[in-house]
Amino acid sequence: MICRLVLILALGAAVPLRAQPAPASSPDLSSDLQTLDTATGLAVLKGNVRLKDEGILFTADEMRFDSKMEVATALGNIAFTRGPVRLLADRLVYHRRDGSFTAENIRLGSYPYFIEGFSAVGNLKEITVMRARASYGEPGPWQPTLNADTIIFAPGEQLRSENVTLGIGHAQPVPIPRFNHALGAPLIGTVSLTGGYRRSLGVYADGALHVPVAPSVRLGADIGIYTSRGVMVGPSGRYANAKNPEALRGFFRSGYISDHGDRGFDLLDRPIGRDRAYAEWQHQQTLAPNLTLNAQLNWWKDSEVLRDFRPRAFFPVQEPDTFVESLYSGANYFVSAFARFQPNSFHRVQERLPEVRFDLLPFALGNGFYQRFNASAAVLREDPLLAGNTLRSDRLDAYYALSRTFAPQEWLAITPMVGGRLTHYVNTEFGNVKSPNYLRLLGEVGADVALRGSGTFDYKNPQWKIDGLRHLITPRLSYRYIPKADKGRARIPSIDREVFSTYLQPLGLGDQRNIDDLHATNTLRLGFDNVLQTRDPVHGTRDLLLLNVANDFRFRRRPGERDVSEIHTEFALMPANWLQVDVYQSFAPQNFRLREFNSGITVRDGRFWSVRFGNNFLRNELQDYSVDALARINERFEALTRLHYDARRHRFNEQAYGISQNLGNTWLISYTVSLYSGRKRESSFGFNVQIDTVRF
């Protein structure tokens with residue numbers, strides 16, 4: 001009888017966390033002393049009370065169960081554990097009939113969230129803790145914490161409260177009206193802090209604080225204080241679908257400052273005004289199973305505002321983009337609507353207002369023939385920055401190609417093809433001069449040939465973990481003939497035009513994006529792809545070496561071009577997980593003159609240290625060398641350095657030396673001293689303290 005009553009009590013303690021069906025077998029129950037008053041129906045168990053049953057464990061110093069009222073009372077060192085959830089209390093009264101309970105001096109949580117409070121009431125779905133404190137991670141001096149009069153905790157679902165103060169450890173200086181956080185969502189982006197000194201900014205501190213106001217919605221502000229410039233502040237936040245972040249997510253941030261420092265000039269040599277601001281928004285959403293929406297907004301009041309105040313966001317993307325795109329994926333086709341805008345006045349942008357496009361992937365017609373088709377309708381505009389012609393056109397474009405692959409041998413594939421492109425321009429404008437409508441029809445013929453060879457070698461090297469070798473080689477030939485592709489250039493506004501690139505560009509007429517700036521083509525491309533592999537016990541195979549070589553033979557050349565292009569080579573060596581070598585180079589075969597050479601060598605020793613040596617060389621443009629190194633001093637400290645040397649100007653463009661510190665496995669604090677040379681706007685000296693989160 002006592003065992004059955006205690007079983008009811010143990011299951012009652014589990015109910016606030018999740019309802020459970022009655023177990024089919026008896027629990028594992030033990031205690032030092034057991035008594036039962038049959039007249040009152042009161043069972044008393046004392047001393048090391050322990051109950052273990054079907055994934056739950058319940059312990060206490062003393063338990064009393066009233067079988068008539070079905071009320072269980074536990075006293076002293078109460079602990080309930082099931083899965084990742086654990087509840088501790090000094091006193092707990094459980095009402096078995098409705099599943100509710102009350103408790104005193106409660107501690108509960110599910111890693112990494114922990115809550116403690118003066119008292120609590122709960123039911124099957126949630127627990128309300130009074131005079132409570134919640135922390136992310138084990139409570140400690142460096143953990144994010146919040147205090148509130150009440151915290152409502154739904155295990156595995158959410159944590160919410162009102163009239164909250166936020167802080168670190170035992171200090172909660174930041175008051176907020178509401179805190180609502182889905183427990184499955186990460187806390188990334190909730191808090192960040194950077195500070196230091198730069199001559200152009202003075203002593204500065206940048207920070208961002210986002211607080212949950214709804215499940216997976218965090219709102220707050222970014223603020224920067226600069227003794228030589230002023231205060232920059234603006235709203236910011238993040239949002240996502242609480243149950244499926246991949247279906248909806250995004251963020252926004254902004255800033256405004258009345259800049260009283262030395263502002264200088266923008267990219268167009270115009271004086272920068274005192275009022276400076278920026279706004280950024282990114283959005284990704286799945287509207288339906290096959291329909292997505294992506295949007296991005298970047299508005300800068302002047303070209304240097306992010307470079308001056310948010311360099312970490314500026315240098316990766318120095319020309320902001322603003323667009324909206326929706327894509328529908330069919331069984332063998334894509335339909336997209338894309339719009340690109342120019343909210344700024346200092347970069348030239350090929351605006352699309354909008355472009356609607358249909359792409360049919362290669363599709364079998366029968367008898368070995370495949371067809372490919374794409375079509376688009378676009379409203380194009382490009383405005384000059386200071387002076388020049390405004391370019392406008394409405395363009396209808398379509399491309400169709402037919403191909404068939406012949407495989408006379410298993411190692412040989414020959415694919416001849418024929419294609420055509422029809423482009424119609426209306427409402428064209430060069431400056432204020434309108435041009436008549438223009439129709440252009442282009443054709444192409446060509447072929448792709450691939451030979452595939454392989455060889456295996458019974459070579460083993462335990463030190464390098466090599467278990468046999470396999471060499472795959474694929475010589476490739478591609479030929480395209482597109483006559484008169486440059487016709488009508490004088491009547492076409494060159495909006496989608498060719499951009500500078502040192503790599504081999506797509507040969508096919510249907511793959512070229514510079515539709516308004518095409519050139520006649522009569523080119524043969526020769527390439528060799530090589531892969532050297534070995535067996536891998538986890539992934540099956542592992543690449544040890546990659547070597548790809550290609551160049552073009554031009555039977556029709558543009559002014560300044562040679563009949564044989566540079567030879568382009570890509571090389572990668574990965575003999576072990578601690579060593580990687582990457583090389584790209586191009587050189588002229590006529591005189592073996594090197595045009596471009598980029599390389600990187602990375603050596604690492606697990607989590608203890610790593611170093612990367614790199615270089616970038618482009619004749620008459622670049623000759624840079626860099627070293628990035630990281631060394632672990634102990635469990636809390638790491639040393640880092642970055643050196644960037646400009647050989648053409650014989651100077652170090654950047655030197656950075658720093659120490660990073662791990663606090664409580666929650667915060668990563670980096671202290672960095674930077675020395676710069678040659679930059680126009682950045683200071684020659686900077687000291688930076690940056691606080692990042694390690695795990696939330």
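Residues numbered from 1 in each chain as written. Predicted model: local features only at pLDDT ≥ 70, side-chain atom pairs only at ≥ 80, totals over all residues. Heavy atoms only, no water.

**Student:** Honestly, the overall build of the chain in this entry has me stumped. Any pointers?
**Tutor:** Along the backbone of the chain there are three helices and 41 strands. When its C-alpha atoms are laid out on the principal axes, the chain stretches across 110 × 70 × 55 Å. Considering only intrachain contacts with a sequence separation of at least 6, the fraction spanning at least 24 residues in the chain is 46%. Only carbon and sulfur atoms are counted for the fraction: they give 57% of the accessible area of the chain, which is about 36,500 Å². Charge-centre separation for the chain: the mean point of 82 positive side chains lies 2 Å from the mean point of 72 negative side chains. (Helix = DSSP H or I, 4+ residues; strand = E, 2+ residues; numbered from the N terminus. Contact = heavy atoms within 4.5 Å. Areas by Shrake-Rupley, 256 points an atom, 1.4 Å probe, with all protein chains shown as cover. Lys, Arg positive; Asp, Glu negative; His and termini not counted. Charge placed at Lys NZ, Arg CZ, Asp CG, Glu CD.)

**Student:** What is the right way to read the nonpolar core from this model?
**Tutor:** Core analysis: the biggest nonpolar cluster contains 37 residues, and Ile106, Leu108, Ile115, Val129, Leu146, Ile151 and Leu159 have the highest contact counts within it. In terms of residue count, the dominant contributor to this core is strand β9 (residues 127-136) (five residues). Counting twelve residues, the second largest nonpolar core, distinct from the first, contains Tyr278, Trp300, Val305 and Leu306. (Core = buried A, V, L, I, M, F, W, Y, C linked by side-chain atoms within 4.5 Å. Buried < 20%, exposed > 50% of the residue type's maximum accessible area, 1.4 Å probe, protein only.)

**Student:** Explain a nonpolar patch on the surface here, please?
**Tutor:** On the surface, a nonpolar cluster with roughly 740 Å² of combined accessible area is contributed by Tyr197, Val203, Ile633, Tyr657, Ile659, Tyr671, Leu675, Phe685 and Phe687. Residue assignment for the nonpolar patch shows that the elements contributing at least two residues are β39 (651-663), β40 (667-676) and β41 (685-693). Within the secondary structure, Ile633 is located in the loop between β37 (622-632) and β38 (637-646). (Patch = residues over 30% accessible without salt bridge, like charges linked within 9 Å, V, L, I, M, F, W, Y side chains within 5 Å. Salt bridge = Lys/Arg side-chain N within 4 Å of Asp/Glu carboxyl O.)

**Student:** So what exactly am I meant to see when it comes to unusual backbone geometry here?
**Tutor:** Across the chain, the bulk of peptide bonds are trans and the bulk of non-glycine residues have phi less than zero. With an omega dihedral of -5°, the bond running from Leu353 to Pro354 counts as a cis peptide bond. Relative to the helices and strands, Pro354 resides in strand β22 (residues 351-366). Although it is not a glycine, Asn48 adopts a positive phi angle of roughly 50°. With respect to the helices, strands and loops of the structure, Asn48 is situated in strand β3 (residues 42-53). Under the relative-accessibility criterion, Asn48 is labelled exposed at 56%. Notably, Asn77 is not glycine yet its phi reads approximately 50°, a positive angle. Structurally, the position occupied by Asn77 is in strand β5 (residues 71-82). Since its relative accessible area comes to 53%, Asn77 is described here as exposed.

**Student:** Any chance you could explain the pattern of salt bridges here in plain terms?
**Tutor:** The full count for this structure, using the stated rule, is 42 salt bridges. Of the charged contacts in the structure, one is a salt bridge between Asp467 and Lys460, with a shortest N-O distance of 2.3 Å. Notably, a salt bridge pairs Arg476 with Asp529, separated by 2.8 Å at the nearest N-O pair. With Arg476 in strand β30 (residues 466-482) and Asp529 in strand β31 (residues 521-536), the pair connects residues that are 53 residues apart, well separated along the chain. In this structure Arg476 comes out as partly exposed when scored by relative accessible area, which is 37%. Among the charged side chains, a salt-bridge network with shared partners connects Arg229, Asp259, Arg276, Asp302, Glu304, Asp308 and Arg681.

**Student:** So what exactly am I meant to see when it comes to the packing of aromatic side chains here?
**Tutor:** The description of an aromatic ring pair rests on the distance of the ring centres and on the angle between the ring planes. On inspection of all chains with the given rule, the structure shows 15 aromatic pairs. Arranged with centres 6.1 Å apart and planes meeting at 25°, the rings of Trp300 and Phe346 form a pair that is stacked. With Trp300 in strand β19 (residues 291-300) and Phe346 in the loop between β21 (333-341) and β22, this residue pair connects regions lying 46 residues apart in the sequence. Exposure remark for Phe346: the relative accessible area of 3% places this residue in the buried category. Where Phe314 meets Phe315, the ring centres are 5.2 Å apart and the plane angle is 75°; that geometry is what we call edge-to-face. The rings of Trp300, Phe314, Phe315 and Phe346 are connected pair by pair, giving a single aromatic cluster. If you follow Arg404 out to its NZ or CZ, it ends over the ring of Phe369, 5.7 Å from the centre. (Phe/Tyr/Trp six-rings, centres within 6.5 Å; stacked < 30°, edge-to-face > 60°. Lys NZ or Arg CZ within 6 Å of the ring centre and 35° of its normal.)

**Student:** Whenever I open this one, the environment of Arg198 confuses me. Can you help?
**Tutor:** Tracing the chain through its elements places Arg198 in strand β13 (residues 191-198). With relative accessibility at 12%, the residue Arg198 sits in the buried group. Separated by 30 residues in sequence, Arg198 and Ile168 place their C-alpha atoms 28 Å apart. Residues in contact with Arg198, not counting those within four places in the same chain, are Tyr204, Asp308, Pro311, Ser683, Phe685 and Gly686. Looking at Arg198, its side chain comes within polar contact range of the main-chain oxygen of Asp308, at 3.0 Å. (Polar contact = N/O pair within 3.5 Å; in protein donor to acceptor, adjacent residues only side chain to side chain.)

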